[in-house]
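Chains, contacts and geometry: an overview
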Amino acid sequence: MALSDSRSTFPQAVSRAIREAIGVLLPVDCVGCGETDASLCEDCSASVPDAPAVRTLGNGFPVWAGSSYDGVVRRALLALKNEQRTDVAPALAPLLHAAFERALADLPMRSGTIADLQLATIPSSRSAYRRRGYRPVDRVVVKAGLKAQHPLALIRQPDDQIGLGLTARQGNLVGSLRARNWARGRTFLLVDDVVTTGATLLEARRALAEGGAEVVGAVVIAATPRRIIAST
Ligand SMILES: [Zn+2]
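Residues numbered from 1 in each chain as written. Predicted model: local features only at pLDDT ≥ 70, side-chain atom pairs only at ≥ 80, totals over all residues. Heavy atoms only, no water.

Along the backbone of the chain there are nine helices and eight strands. Counting the 232 residues in the chain, one finds 43% classified as buried. Within the chain, contacts between residues separated by at least 24 positions form 75% of all contacts whose residues are at least 6 apart in sequence. As displayed, the chain has an accessible area near 12200 Å², and 53% of this comes from carbon and sulfur atoms. (Helix = DSSP H or I, 4+ residues; strand = E, 2+ residues; numbered from the N terminus. Buried < 20%, exposed > 50% of the residue type's maximum accessible area, 1.4 Å probe, protein only. Contact = heavy atoms within 4.5 Å. Areas by Shrake-Rupley, 256 points an atom, 1.4 Å probe, with all protein chains shown as cover.)

Let us look at the coordination of the zinc ion. Only Cys30 (SG), Cys33 (SG), Cys41 (SG) and Cys44 (SG) from the protein coordinate the zinc ion, and they sit 2.3 to 2.4 Å from it. Its four donor atoms give the zinc ion angles of 105 to 115 degrees at the centre, a pattern that matches the tetrahedral case. Between consecutive donor residues of the zinc ion, the sequence gaps follow C-x2-C-x7-C-x2-C. Across this residue pair, the class does not change: cysteine 41 and cysteine 44 are buried. (Donors = N, O, S within 2.8 Å, 3.2 Å for Na, K, Ca; no water. Tetrahedral: all angles 85-135°; square planar, octahedral: opposite > 155°, others 65-115°.)

What follows covers the side chain of threonine 224. Here threonine 224 shows up in the segment after strand 8 (214-223). In this view, threonine 224 contacts Tyr69, Val195 and Thr196; residues no more than four positions away in its chain are not counted.

The next thing to look at is helix 8 (residues 166-173). Along helix 8, the positions that sit buried rather than exposed are Arg169, Asn172 and Leu173. All buried residues of helix 8 fall inside an arc of 90 degrees around its axis, so they share one side. The exposed set on the far side of helix 8, more than 90 degrees from its buried face, consists of Thr167 and Gly171. Of the surrounding elements, those touching the buried residues of helix 8 are helix 9 (199-210). (Arc of directions from axis to C-beta.)

Attention now moves to the environment of isoleucine 155. Relative to the assigned elements, isoleucine 155 resides in the loop between strand 5 (152-154) and helix 8. Placed 30 residues apart in sequence, isoleucine 155 and serine 125 show a C-alpha to C-alpha distance of 9.9 Å. In this view, isoleucine 155 contacts Gly175, Ser176, Leu177 and Arg178; residues no more than four positions away in its chain are not counted.

Take the pairing of strand 8 next. Counting buried residues in strand 8 gives nine out of 10 residues, a clear majority hidden from the surface. As defined by bridge partners, strand 2 (residues 61-68) adjoins strand 8 across five bridges and the pair is classed as parallel. Pairing of serine 68 across the sheet is with alanine 223, part of strand 8. Pairing of strand 7 (residues 187-195) with strand 8 involves eight bridges; the strand directions are parallel. Bridge assignment links valine 194 to a residue of strand 8, and that residue is alanine 222. The handedness of the strand 7 to strand 8 crossover, carried by helix 9, is right-handed. (Pairing = 2+ DSSP bridges. Right-handed = clockwise from strand over helix to strand, strands pointing away.)

Time to look at the packing of helix 4 (residues 89-106) against helix 7 (residues 136-143). It is at 8 Å that the axes of helix 4 and helix 7 come closest, and there the two elements cross at 75 degrees. The angle between the axes of helix 4 and helix 7 places the two elements in the roughly perpendicular class. Every residue of helix 7 that contacts helix 4 at Ala89, Pro90, Leu92, Ala93 and Leu96 is listed here: Arg139, Val140, Val141 and Lys143. Partitioning the contact of helix 4 with helix 7 into residue classes produces seven nonpolar, no polar and two charged. (Axes fitted to C-alpha atoms, helices over the stretch in contact; angles between N-to-C directions. Parallel < 35°, antiparallel > 145°, perpendicular 65-115°, else oblique. Nonpolar A, V, L, I, M, F, W, Y, C, P; charged D, E, K, R; others polar.)

A separate point is the pattern of salt bridges. Pairs can form between side chains of opposite charge once their charged atoms are near each other. Summed over the entire model, instances satisfying the criterion amount to five salt bridges. Arginine 102 serves as the salt-bridge partner of aspartate 106, at 3.1 Å between the closest nitrogen and oxygen. Linking aspartate 106 with arginine 102, this pair stays in helix 4, spanning four residues, or about one helical turn. What makes arginine 102 partly exposed here is its relative accessible area of 22%. (Salt bridge = Lys/Arg side-chain N within 4 Å of Asp/Glu carboxyl O.)

Following this line, the structure appears as structure tokens:
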């Protein structure tokens, strides 16, 4: 634990650590059906669509998704993001890993590109981080055995995105992110939890491109069904 933690966040961090420790010892409810069993019980795990790495497209920007954002996967992601259920991260990790593997298989094998490719997370708002105390995507990235960089900084707090269409979302987001100086000349594959309109991913690409980096696409745990285009 960082010694620089302020007095107000220190007790929160401690209580969080205790909750996590208790979670290891006590039975947990399945985020899919509520049965006391596992983070995601066998029945619910079996209901996760086994068509990993669905390929979605937005503005010619390839997005590889591990699953569609519905059913058990949607419930698990909401629990991870809104209910402190970090214990479901291992259940979601195979979906992200499948998306990543598929991205590597699909990306053009230009010499140097794949070897130098780095996963890049997109910063969540400070208020979201304070509320949760963790970054949901980072938890799943680690459990998937992947490593992500953080080449973007949030420089402006966007307004709430709920209810906005793609164009309005993009207008709201443009200029909210900035690439860090070290990103220049590097090649990134963005990583995020869910793609809905793709506005966040497009803003991340814009910021990185402006900072002299290349973004070849994105991998996500899940994509909203209406955005899914069957892969070829
Ligand atoms: Zn279940």
